[in-house]
Amino acid sequence: MNKTFALIRGDGIGPEIVEQAKRCLDAVAERFGHEFLYVDVDMGGVAIDKYGEPLPETELNKCLSSDAVLLGAVGGKKWDDVAPDLRPEKGLLKLRKSLGTFANVRPTKIWRGLGHLSPIRRSSGVDFVIVRELTGGVYFGEHRTDKTAEGLVASDVMTYSEEEIRRIAIVAFETAAKRRKKVCSVDKSNVLDTSRLWRKVVHEVALDYPDIDLSDMLVDNCAMQIVKNPAQFDVIVTENMFGDILSDEAAQVSGSIGLIPSASNGAGVGLYEPIHGSAPDIAGRDVADPIGTILSAAMMLRDLDLNKEAACMEKAVETFLSEGYRTVDIATDSEDVVLGCSECGKTIARLILEEKI
Ligand code: IPM
Ligand code: MG
């Protein structure tokens, strides 16, 4: 099968981790007889430096005409002082909005043999996904700062329509239908109108899914429950900013944010990215963990119906970890075989070629 992937290497550790995911995709292509083509796209700080904006139309169009987009990470201190509308992150938000990827799925599980990395003592049975609404809410409302007689006043507007809530709720119920059939809808309905609407619409959608067990949870309680008893969750569905915050918390439960992939879908072309940032402090030192990006590439293949290929990539990561290979973020033991970013990618690529499936 022929597929064209837009590769956004981005900033910080982005280029290093994307290179390793590409290496693994090449191994999949070799093993399964596919042809994968790659189109490089500049986005984030690197695009600001080159073109004066974080995602020029020409770069965006390359994404829109690809089969899927694989992204490393964007941002860094270097661009902290650029105008808010030109920040690296604005490129990412523009990309998500333009692709229409309103549904962001972020899985958290504790890998076999990595339980000791979790800060949670009762961590067995942890395997849940956060379905985060990705193209609405406060991220996309009006942002403004006004000079007033009392000094500066800033506001960020959070808006949700019934339709925006309905479509993400459907994704959550469909996701749960293929898992343990539990949806926990997270909101702040004791304070926010958007959350009261959220709860109403999620319950309406639930009527179409009588087999799914729906519960509601306030976001502050959810933040606590993820630490107290993460095994209780199957699918969490929540709005954009709550999902941003809770998914970082959930990632740490698994031991390292470096391991967590994500898939964003909606209108057509999907976007796949690890949930961590660009980690400028470790960039260029070949110590970044590429596993989150490699697993994002696996999610990308699965969404393109390349199921065997996706399973092979995931199995290779599992074998990598069970054989004691580690990147520095997950190394704790003297028996660990600690590899740099590129050796990690090479080893997983080799395992993809060797894996029995
Ligand atoms: C994420 C990131 C982004 C977000 C930033 C980089 C804009 O934190 O993907 O979780 O807030 O969505
Ligand atoms: Mg985040």
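Residues numbered from 1 in each chain as written. Chains lettered and ligands numbered in written order. Predicted model: local features only at pLDDT ≥ 70, side-chain atom pairs only at ≥ 80, totals over all residues. Heavy atoms only, no water.

Notes on the domain arrangement of the protein chain
This is how it is decided: Domain extents, as shown, originate in an automatic or database domain assignment. Whether two residues are in contact is decided by their heavy atoms: any pair within 4.5 Å suffices. Here the buried area means the combined drop in accessible surface, using a 1.4 Å probe, for two parts upon being joined, counting both sides. What counts as a salt bridge is simple: a side-chain nitrogen of Lys or Arg found within 4 Å of a carboxyl oxygen of Asp or Glu. Under the rule applied, a polar contact is a pair of N or O atoms within 3.5 Å (in protein, one hydrogen donor and one hydrogen acceptor; residues adjacent in sequence only if both atoms are side-chain atoms). The helix and strand labels rest on DSSP assignments: H or I over at least four residues marks a helix, E over at least two residues marks a strand, and numbering proceeds from the N terminus. Under the scheme applied here, ten amino acids are nonpolar (Ala, Val, Leu, Ile, Met, Phe, Trp, Tyr, Cys and Pro), four are charged (Asp, Glu, Lys and Arg), and all others, including Gly, are polar.
Per the domain assignment, the segments making up the protein chain are domain 1 (1–101 + 261–357) and domain 2 (119–253). Between domain 1 and domain 2, the C-alpha centre-to-centre distance is 25 Å. Between domain 1 and domain 2, the residue contacts involve seven residues of the former and nine residues of the latter. In this assembly, domain 1 packs against domain 2 so that about 700 Å² is buried in total across both faces, 65% of it on carbon and sulfur atoms. The interface formed by domain 1 and domain 2 holds zero salt bridges in total. Along the contact surface separating domain 1 from domain 2 lie one residue pair in polar contact (both at pLDDT 80 or more). No other element matches the four residues that helix H4 (residues 88–99) contributes to the side of domain 1 that touches domain 2. Of the residues that constitute the side of domain 1 that touches domain 2, the class distribution is two nonpolar, two polar and three charged.

Things to note about the packing of aromatic side chains
Here is the rule we go by: Any pair of Phe, Tyr and Trp rings, taking the six-membered ring for Trp, is counted once the centres come within 6.5 Å. Such a pair is stacked with planes under 30 degrees apart, edge-to-face with planes over 60 apart, and tilted for the rest. Relative accessible area decides the class of each residue, using a 1.4 Å probe on protein chains only: under 20% of the type maximum gives buried, over 50% gives exposed, and in between gives partly exposed.
For the structure on display, the rule yields six aromatic pairs. With 5.7 Å between their ring centres and 75° between their planes, Tyr160 and Trp198 make a pair best called edge-to-face. Note that Tyr160 is positioned in the loop between strand S7 (151–156) and helix H5 (162–177) and Trp198 in helix H6 (residues 193–206), a separation of 38 residues in sequence. Across the pair, Trp198 and Tyr160 agree in class, each one buried. Both rings, one in Phe173 and one in Tyr209, keep their centres 5.0 Å apart while their planes meet at 10°; by these two values the pair is stacked. Residue Phe173 is found in helix H5, and its partner Tyr209 is found in the loop between H6 and strand S9 (213–218); the two are separated by 36 residues along the sequence. Residue Phe173 shares its accessibility class with Tyr209, and that shared class is buried.

Digging into the nonpolar core
The condition is simple: Joining through side-chain atoms within 4.5 Å is the link that ties buried Ala, Val, Leu, Ile, Met, Phe, Trp, Tyr and Cys residues into a set, and such a set is a nonpolar core.
If you look at the biggest cluster of nonpolar residues, it comprises 67 residues, and the most contacted ones within it are Phe173, Met313 and Ile348. When residues of this core are assigned to domains, at least three map to each of domain 1 (1–101 + 261–357) and domain 2 (119–253). Beyond its immediate stretch of four places on either side in the chain, Ile348 contacts Cys24, Ile291, Ile294, Ala316, Val317 and Phe320. Cys184, Val186, Met217 and Val253 belong to the second-largest nonpolar core, a separate cluster that totals 17 residues.

Points about the packing of helix H10 (residues 307–322) against helix H11 (residues 341–354)
Definition in use: Throughout, an axis means a line fitted to C-alpha atoms (over the contacting stretch in the case of helices), and angles, computed between N-to-C directions, take values from 0 to 180 degrees. Every angle not falling under 35 degrees, over 145, or within 65 to 115 is termed oblique; those three ranges are roughly parallel, roughly antiparallel and roughly perpendicular. Should the near helix be turned anticlockwise from the far one by less than a right angle, the crossing is left-handed, and should it be turned clockwise, the crossing is right-handed.
Where H10 meets H11, the closest approach of the two axes is 8 Å, and the angle between their N-to-C directions is 120°. In terms of axis orientation, H10 runs oblique to H11. Note that H10 runs across H11; the crossing there is right-handed. Touching Cys312, Met313, Ala316, Val317, Thr319 and Phe320 of H10 are Cys344, Thr347, Ile348, Leu351 and Ile352, all from H11. Grouping the amino acids of the contact of H10 with H11 by side-chain chemistry returns nine nonpolar, two polar and no charged.

Concerning the pairing of strand S5 (residues 127–133)
Applied cut-off: Criterion used throughout: strands pair if DSSP finds at least two bridges between them.
Of all seven residues that make up S5, six are buried, and the element is covered over most of its length. Where strand S4 (residues 103–109) meets S5, seven bridges bridge the pair, whose relative direction is antiparallel. Bridged to Thr108 within S5 is Phe128. Here S5 pairs with strand S10 (residues 235–238) via four bridges, running parallel. Along S10, the bridge assignment pairs Ile130 with Ile236.

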